[in-house]
Amino acid sequence: MARGKDFKALVFMGTQAGLQVVNRLKEYTEHIYAVVAPEYGYQEHPMGNMTLITNYLDDAGMQRWMDRVKFDLVIDGVSADRPDISEAIRAAAERNEVDYLKVIDKLNMISRVA
C-alpha cells in the first residue's frame, strides 16, 4: 500500500461522514477520487487535489476505475439505508484486494439504533 502523497483513495460520498473523510484526506494525499450521485455532482463539493466522479458506478464502472487507478483504499460513505450499494462497493474492493472502510453518519447510527 502506498503511503503519503502517493496514497490513492476511492470515496463514495453519500453522507456528511463521507464528505468529512474527503476533507480530511485532502491534507494527506493528492489522489482522492470522490464518487457522488449525478444529481448532487454539480453542487458545492471540496475541490483541489481530487477527482470528482459524478456518474453512477455499477459493478463494471467500479471495476474500470479500479483497473485504471489501482486504489489503496475504498471508503464507503453511502447512506445506511442503501445496504445494496454498500455491498456492491465492498464486493468490488474485495475482488480487487483493496482495503475497505465503511463510515456511518452519527445521525444514521442513532436512528438505526432507536
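Residues numbered from 1 in each chain as written. Predicted model: local features only at pLDDT ≥ 70, side-chain atom pairs only at ≥ 80, totals over all residues. Heavy atoms only, no water.

## Side note on the sheet that holds strand 3 (residues 50-53)
In a beta sheet, neighbouring strands are held together by backbone hydrogen bonds and run either parallel or antiparallel to one another. Strand order in this open sheet of five strands is 3-2-1-4-5, and the pairing throughout is parallel. Among the strands making up the open sheet, the edge pair consists of strand 3 and strand 5 (99-102). Each strand of the sheet is rotated relative to its neighbour by a mean of 15 degrees, with strand direction disregarded. As defined by bridge partners, strand 1 (residues 8-13) adjoins strand 2 (residues 31-35) across five bridges and the pair is classed as parallel. (Pairing = 2+ DSSP bridges. Helix = DSSP H or I, 4+ residues; strand = E, 2+ residues; numbered from the N terminus. Axes fitted to C-alpha atoms, helices over the stretch in contact; angles between N-to-C directions.)

## Points about the pattern of salt bridges
All told, the structure shown has five salt bridges when counted by the stated rule. One salt bridge connects aspartate 84 with arginine 82, and the closest N-O pair in it is separated by 2.8 Å. A relative accessible area of 45% means that aspartate 84 is categorised as partly exposed. Of the charged contacts in the structure, one is a salt bridge between glutamate 87 and arginine 90, with a shortest N-O distance of 2.4 Å. In this pair, glutamate 87 and arginine 90 both sit in helix 3 (residues 83-95), three residues apart, roughly one turn of the helix. Assessed through its relative accessible area of 39%, glutamate 87 is described here as partly exposed. Here the salt bridges do not stand alone but share partners, grouping Glu87, Arg90 and Glu94 into one network. (Salt bridge = Lys/Arg side-chain N within 4 Å of Asp/Glu carboxyl O. Buried < 20%, exposed > 50% of the residue type's maximum accessible area, 1.4 Å probe, protein only.)

## Focus on helix 2 (residues 59-69)
Listed as buried for helix 2 are Gly61, Met62, Trp65, Met66 and Val69. Down the axis of helix 2, the smallest arc covering the buried residues is 135 degrees, so these residues share one side. Here the buried face of helix 2 lies against strand 1, strand 2, strand 3, strand 4 (73-77) and helix 3. Where helix 2 begins, the side chain of aspartate 58 points an oxygen toward the backbone nitrogen of alanine 60, at a separation of 3.3 Å. (Arc of directions from axis to C-beta. Contact = heavy atoms within 4.5 Å. Polar contact = N/O pair within 3.5 Å; in protein donor to acceptor, adjacent residues only side chain to side chain.)

## Details of the environment of alanine 9
Here alanine 9 shows up in strand 1. It is 9.2 Å that separates the C-alpha atoms of alanine 9 and lysine 70, two residues lying 61 residues apart in sequence. Once you skip the residues sitting within four places of it in the chain, alanine 9 turns out to touch Leu25, His31, Ile32, Tyr33, Phe71 and Leu73.

## Description of the packing of aromatic side chains
In this structure the tally under the stated criterion is two aromatic pairs. Linked through ring pairs, Tyr33, Trp65 and Phe71 together constitute an aromatic cluster. Sitting above the plane of the tryptophan 65 ring, arginine 68 keeps its charged end 4.6 Å from the centroid. (Phe/Tyr/Trp six-rings, centres within 6.5 Å; stacked < 30°, edge-to-face > 60°. Lys NZ or Arg CZ within 6 Å of the ring centre and 35° of its normal.)

## Digging into helix 3
Count 3.6 residues to each turn of an α-helix, and residues three or four apart come out pointing the same way. With 13 residues, helix 3 should cover 18 Å at 1.5 Å per step; its first-to-last C-alpha distance of 18 Å lies within 8% of that length. Burial in helix 3 covers these residues: Ser86, Ile89, Ala92 and Ala93. All buried residues of helix 3 project into a common sector of 125 degrees when viewed along the axis, lining one side. Residues of helix 3 that are exposed and angled more than 90 degrees away from the buried face: Pro83 and Glu94. Buried positions along helix 3 lie against strand 1, helix 2, strand 4 and strand 5. Downstream of helix 3 by one or two residues, glutamate 97 has phi in the positive range, about 55 degrees. (Expected span 1.5 Å × (residues − 1).)

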